[in-house]
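Coordinates in review
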Amino acid sequence: MSKEAVHTAQAAAHPAATATPADAGDAGYSKDLKHRHVNMIAIGGAIGTGLFLGAGGRLHSAGPALALAYLVCGIFAFFVVRALGELVLYRPSSGSFVSYAREFLGEKGAYVAGWMYFLNWSTTGIADITAIALYTHYWSLFTPIPQWVLALIALAVVLAVNLISVKIFGEMEFWFSIVKVATLVAFMLIGIFLLATQHEVGGHTPGLSMVTDHGGVFPHGVMPVVLVMQGVIFAYAALELVGVAAGETSEPEKVVPRAVNSIMWRVGLFYVGSVVLLALLLPGSVYSGDQSPFVTVLSKIGVPAAGDVMNLVVLTAAMSSLNSGLYSTGRILRSMAMAGSAPKFTRVMSRTQVPYGGILLTCGICVLGVGLNYLMPSQAFEIVLNVASLGIISTWVIIMICHLVFVRRAKAGLVTRPHFRLPGSPVTEIATVAFLLACLGMMWNDPEVGRKTLLLIPLIAVLLVAGWFAVRRRVAQNAEYEVTQ
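Residues numbered from 1 in each chain as written. Predicted model: local features only at pLDDT ≥ 70, side-chain atom pairs only at ≥ 80, totals over all residues. Heavy atoms only, no water.

The subject of this paragraph is the overall build of the chain. Secondary structure summary: the chain contains 22 helices and zero strands in total. Per-residue burial for the chain yields a buried fraction of 59% across its 485 residues. Within the chain, contacts between residues at least 6 apart in sequence are counted, and of these 78% link residues at least 24 apart. (Helix = DSSP H or I, 4+ residues; strand = E, 2+ residues; numbered from the N terminus. Buried < 20%, exposed > 50% of the residue type's maximum accessible area, 1.4 Å probe, protein only. Contact = heavy atoms within 4.5 Å.)

This part takes up the packing of helix 6 (residues 96-105) against helix 17 (residues 304-339). Close contact between helix 6 and helix 17 brings their axes to 8 Å; oriented N to C, the two are set at 35°. Where helix 6 approaches helix 17, its residues Ser-96, Phe-97, Val-98 and Arg-102 are matched on the opposing element by Ile-332, Ser-335, Met-336 and Ala-339. Considered class by class, the residues forming the contact of helix 6 with helix 17 number five nonpolar, two polar and one charged. (Axes fitted to C-alpha atoms, helices over the stretch in contact; angles between N-to-C directions. Nonpolar A, V, L, I, M, F, W, Y, C, P; charged D, E, K, R; others polar.)

There is a patch of nonpolar side chains on the surface, built from Leu-68, Val-217, Phe-218 and Val-222 and spanning about 340 Å² of accessible area. Its location among the elements puts Val-222 in the loop between helix 10 (209-212) and helix 11 (223-227). (Patch = residues over 30% accessible without salt bridge, like charges linked within 9 Å, V, L, I, M, F, W, Y side chains within 5 Å. Areas by Shrake-Rupley, 256 points an atom, 1.4 Å probe, with all protein chains shown as cover. Salt bridge = Lys/Arg side-chain N within 4 Å of Asp/Glu carboxyl O.)

Right, let's talk about the confidence of the model for the chain for a bit. Across the chain, the average pLDDT comes to 82, with 89% of residues at 70 or higher. Averaged over each element, pLDDT in the chain is lowest for helix 1 (residues 3-13) (38) and highest for helix 20 (residues 427-442) (92). Note on residues 1-21: pLDDT under 50 across the span, and 39 contacts to partners over four residues away in sequence or across chains. (pLDDT = per-residue confidence, 0-100.)

Another point: the packing of helix 5 (residues 66-90) against helix 6. Interaxial distance between helix 5 and helix 6 falls to 11 Å at its minimum, and their mutual angle equals 75°. Between helix 5 and helix 6, the angle falls in the class roughly perpendicular. Where helix 5 approaches helix 6, its residues Leu-84, Leu-87, Val-88 and Tyr-90 are matched on the opposing element by Ser-96, Phe-97, Tyr-100, Glu-103 and Phe-104. Considered class by class, the residues forming the contact of helix 5 with helix 6 number seven nonpolar, one polar and one charged. (Parallel < 35°, antiparallel > 145°, perpendicular 65-115°, else oblique.)

Below, the discussion takes up the environment of Ile-192. Its place among the elements puts Ile-192 in helix 9 (residues 166-197). Judged by its relative accessible area of 48%, Ile-192 falls in the partly exposed class. Once the C-alpha coordinates of Ile-192 and Leu-281 are considered, the two residues, 89 residues apart in sequence, prove to be 9.4 Å apart.

Describing an aromatic ring pair means giving the distance of the ring centres and the angle of the ring planes. All told, the structure shown has 16 aromatic pairs when counted by the stated rule. A ring pair is formed by Tyr-70 and Tyr-271, whose centres lie 5.1 Å apart and whose planes are at 45°; its orientation type is tilted. Taken together, the residues span a long stretch of sequence, with Tyr-70 in helix 5 and Tyr-271 in helix 15 (residues 263-281) at a distance of 201 residues. The class for Tyr-70 is buried, based on a relative accessible area of 0%. Look at Phe-104 and Phe-406: their rings are 5.6 Å apart centre to centre, the planes differ by 65°, and that puts the pair in the edge-to-face class. Placement of Phe-104 in helix 6 and of Phe-406 in helix 19 (residues 380-411) is noted, with a sequence separation of 302 residues between them. Note on Phe-104: relative accessible area 5%, which makes it buried. A network of ring pairs unites the aromatic residues Phe-76, Phe-78, Phe-79 and Phe-435 as a single cluster. (Phe/Tyr/Trp six-rings, centres within 6.5 Å; stacked < 30°, edge-to-face > 60°.)

With respect to the helices, strands and loops of the structure, Ser-93 is situated in the loop between helix 5 and helix 6. A polar contact of 3.4 Å, which involves the side chain of Ser-93, links it to the side chain of Ser-99. (Polar contact = N/O pair within 3.5 Å; in protein donor to acceptor, adjacent residues only side chain to side chain.)

So, on to the nonpolar core. If you look at the biggest cluster of nonpolar residues, it comprises 146 residues, and the most contacted ones within it are Phe-52, Tyr-70, Ile-233, Tyr-236 and Trp-396. In terms of residue count, the dominant contributor to this core is helix 5 (16 residues). Those residues in contact with Tyr-70 that lie beyond four places of it in its chain are Gly-50, Leu-51, Ala-55, Arg-58, Val-232, Ala-235, Tyr-236, Val-267, Tyr-271, Val-272 and Val-275. Ile-126, Phe-234, Val-384 and Ala-388 belong to the second largest nonpolar core, which has seven residues in total. (Core = buried A, V, L, I, M, F, W, Y, C linked by side-chain atoms within 4.5 Å.)

Topologically, Ser-96 is positioned in helix 6. The exposure class assigned to Ser-96 is buried, which follows from its relative accessible area of 0%. Not counting residues within four places of it along the chain, the set of residues in contact with Ser-96 comprises Leu-84, Gly-243, Val-244 and Ile-332.

In this section: unusual backbone geometry. With the exception of glycine, the majority of residues adopt a negative phi angle, and the majority of peptide bonds are in the trans configuration. The residue after Ser-425, namely Pro-426, is reached through a cis peptide bond having omega 5°. Following the sequence through the fold, Pro-426 ends up in the loop between helix 19 and helix 20. Phi is positive for Gln-198, close to 60°, though the residue is something other than glycine. Summarising the element assignment, Gln-198 is placed in the loop between helix 9 and helix 10. Residue class for Gln-198 comes out partly exposed when judged on its relative accessible area of 41%.

End to end, helix 5 covers 36 Å across 25 residues, agreeing with the expected 36 Å (1.5 Å per residue, within 8%). The buried fraction of helix 5 is high, at 20 of 25 residues. (Expected span 1.5 Å × (residues − 1).)

Moving on, we come to the pattern of salt bridges. For the structure shown, the criterion picks out three salt bridges. When the shortest N-O distance is used, the salt bridge between Glu-86 and Arg-417 registers 2.5 Å. Of this pair, Glu-86 sits in helix 5 while Arg-417 sits in the loop between helix 19 and helix 20; the two residues are 331 residues apart in sequence, bridging distant segments of the chain. On the basis of relative accessible area, Glu-86 is assigned to the buried category, the value being 0%.

Here is the structure:
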């Protein structure tokens, strides 16, 4: 691909971007995502499997204090997305933070950012298909079907839909998000009604007594709340999709600020509000990790069909998350492949402008997750959730470091910051990085899963170093080729 073609493609995306370094991975995409698509992708990123399935087990272990964990993590997640939003307005790119890491940290930074993000979403995909299988087992009709078979079917369906076009992806995420938001609003209205009328829920009278009579806000102490932090971070893991989607919209300067700014109140309303309601409706000990807490509540109010409907919705949420993971990794891997740091086949695009090579690679890893569901069906979700946390924490740290370098260059007069900015720089970036690294360290206090996950870091580091030595010559050749064109 010639450099001229790259500049032409980038100019089509954002006229002001022609003066900034072109990313070869941005060429060839359609601009079919509208404002409503990106806005709902942002909502979908903020409402996913981490809330619908993960909140049950966390409520059981941490109690009502889980709402505080969601609030604190949500604030730092907002800082990350706000920083990414500023970088997007500086230069929209489908390669998103990998493209920015390439510009501000060099090719090695882009390599680490891309592959850690791939680790995040490939393992998140495993968590999603595991969740889908668990949700489906809620109905007795599907109980005889092995969990791994249901996981494989879900993966095949989402793969088929994702390969059609970005417009179909956008429409799917739009309607998935509409369903999720409408259902959460409906649940919250039901919860408020149950509280106001003191209607019994599974033999318990809802209200503050559900907290005060069952150990208070911290029924098991502070440590369980600390331990769930890395899982809560995972719950927000898809928020950075706004940055990837911005590369396929025609007006990122209008769309992105609105989508990013609306994330904060959504976090407060949907995450914190939902967890507070759940804690007031039933004791934390009633919830469990193998059933959505929303299903638990609705099944106990005497309307069995309500639990069925809610289960169908959370099944949709898991499908949405899996769909988003395939979408984002396809774009990220293509950006890397154009620079030489990912396999060549991940750069190929279909006639409908879908980077199907990267999507198929992610699916290949998810197939390994089907095997995990076969071997360890009861532990599959928690295992991959912790590994995914390593990926998302590293990705967010890299985004904040990129933003720090970006601001430093802006102060030196080398680049121009847009009006949409991350407030409090550089304190905000440093505080966010410190918090994310602290969440990583907290995993050591969990000997069952967390500590074993941390012990994977040296292995991941070795694999990254070995991989870099394998691709560095190709990366250098690609860079030299772009310079000479």
